[in-house]
Amino acid sequence: MSSKLDFLFFVAQKREATLLLKGLRAKHPWYYEGIMDGKTLGVWITGVGKRSVRRSLKSFESAGICAEHYLNIGFAGALKDYRRGTIFPVGSLVGENGKAQIILDDENPFELVSVNSLQFKEVLRSQYPNADLVDMEAYTLAKYLPNHRFEVYKMVLDSFSCSPGNLGFQLCLPWIIFRLRRRWFRWLKKHLQKPSTKPF
């Protein structure tokens, strides 16, 4: 498999790109490809967490896929008082040890920390006072794709006051994601035509 694309999106799970995938063709269970608004797109599904991403990238390297723009999109938790559904461009990424940092855009103030497992947000905020968001994949992706133009955009799924491990939140999660999927799709179509570095 070998392709030259305009945009290649990395997502942890299919549910983070449901409407996008409907317009693409599955070439593998973890890879979709097609055309939208005159742009050639690919979506690579990595799985959740650092280990899954590492395994997935081994397959990606052997697939021979290349693109003009590489993006990681998906859901993230808020470490500050941000509204659910807000989409943030990420300017810098921090590894879980708090020492390793990758700068994606030095003019973008939004920082994301990648962790290995669900953690209490109060603890994370005290450990990473400058971080705005938390996820489990972005840092590993950026680390293993150093020679590509790489961008990260995250939508707030759980606000700071909401714990992702809370049973009530877990029960409501399918409904919440269903409600947010159209917002993701609207942002995506706008971004394909005119990339923006402002929250949406």
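Residues numbered from 1 in each chain as written. Predicted model: local features only at pLDDT ≥ 70, side-chain atom pairs only at ≥ 80, totals over all residues. Heavy atoms only, no water.

Enquirer: Sorry if this is basic, but what is going on with the overall build of the protein chain here?
Expert: Check the secondary structure of the protein chain and you find five helices and 11 strands. Residue burial in the protein chain is summarised as follows: out of 200 residues, 52% are buried. Sequence separation of at least 24 residues holds for 68% of the intrachain contacts in the protein chain that already meet a minimum separation of 6. Put simply, the protein chain shows about 10300 Å² of open surface, and 51% of that area lies on carbon and sulfur atoms. (Helix = DSSP H or I, 4+ residues; strand = E, 2+ residues; numbered from the N terminus. Buried < 20%, exposed > 50% of the residue type's maximum accessible area, 1.4 Å probe, protein only. Contact = heavy atoms within 4.5 Å. Areas by Shrake-Rupley, 256 points an atom, 1.4 Å probe, with all protein chains shown as cover.)

Enquirer: Could you clarify how one ought to interpret the pattern of salt bridges in this entry?
Expert: For side chains of opposite charge, pairing can occur when their charged atoms come near one another. Tallied over the full model, the rule gives six salt bridges. Residue Glu-68 pairs with Lys-4 through a salt bridge whose shortest N-O separation is 3.2 Å. With a gap of 64 residues between them, Glu-68 in strand β5 (residues 65–78) and Lys-4 in strand β1 (residues 3–11) connect regions that are remote in the sequence. Judged by relative accessible area, Glu-68 falls into the partly exposed class, the value being 47%. Overall, the relative accessible area of 52% leaves Lys-4 in the exposed class. Between Lys-27 and Glu-33 there is a salt bridge, and its shortest N-O distance comes to 3.3 Å. (Salt bridge = Lys/Arg side-chain N within 4 Å of Asp/Glu carboxyl O.)

Enquirer: When you look at helix α2 (residues 50–63) in this model, what are you seeing that I'm missing?
Expert: Because the α-helix completes a turn every 3.6 residues, residues three or four places apart line up on one side. When the terminal C-alpha atoms of α2 are compared, their 20 Å separation across 14 residues agrees well with the 20 Å that a helix rising 1.5 Å per residue should span. Buried within α2 we find Ser-52, Val-53, Ser-56, Leu-57, Phe-60 and Ala-63. What you see down the axis of α2 is that its buried residues fit within an arc of 130°, all on one side. Seen from the open side of α2, the exposed residues pointing more than 90 degrees away from its buried face are Arg-51, Arg-55, Lys-58, Glu-61 and Ser-62. Immediately beyond the C-terminal end of α2, within one or two residues, lies Gly-64, with a positive phi of roughly 70°. (Expected span 1.5 Å × (residues − 1). Arc of directions from axis to C-beta.)

Enquirer: Sorry if this is basic, but what is going on with the side chain of Ser-114 here?
Expert: Residue placement: Ser-114 occurs in strand β9 (residues 111–114). Take Ser-114: its relative accessible area is 7%, and that puts it in the buried class. Within the structure, the side chain of Ser-114 is placed 3.1 Å from the backbone nitrogen of Tyr-139, a separation counted as a polar contact. (Polar contact = N/O pair within 3.5 Å; in protein donor to acceptor, adjacent residues only side chain to side chain.)

Enquirer: What's the story with the nonpolar core in this structure? I'm lost.
Expert: What tends to happen in soluble globular proteins is that the nonpolar side chains get buried as a cluster. Within the largest apolar cluster, 30 residues are counted, with the highest numbers of intra-cluster contacts made by Leu-8, Phe-10, Phe-60, Ile-65, Leu-93, Leu-133 and Phe-150. For this core, the secondary-structure elements that each account for two or more residues are β1, α2, β5, α4 (138–144) and β11 (150–158). Here this core takes five residues from β5, the largest share from any one element. Leaving out residues up to four positions away in the same chain, Phe-60 has contacts with Leu-8, Phe-10, Trp-44, Ile-65, Tyr-70 and Leu-145. Counting residues in hydrophobic clusters, the runner-up holds 27 residues, among them Leu-21, Ile-176, Ile-177 and Leu-188. (Core = buried A, V, L, I, M, F, W, Y, C linked by side-chain atoms within 4.5 Å.)

Enquirer: Just to check I follow, could you spell out the packing of aromatic side chains for this structure?
Expert: A ring pair, where both rings are aromatic, is described by two values, the distance of the centres and the angle of the planes. Using the criterion set out here, one finds nine aromatic pairs in the structure. Between the aromatic rings of Tyr-31 and Trp-44, the centroid separation amounts to 5.6 Å while the plane-to-plane angle is 45°, which identifies the pairing as tilted. Of the two residues, Tyr-31 is situated in strand β3 (residues 31–36) and Trp-44 in strand β4 (residues 39–45); the sequence distance between them amounts to 13 residues. Across the pair, exposure class does not vary: Tyr-31 and Trp-44 are buried alike. (Phe/Tyr/Trp six-rings, centres within 6.5 Å; stacked < 30°, edge-to-face > 60°.)

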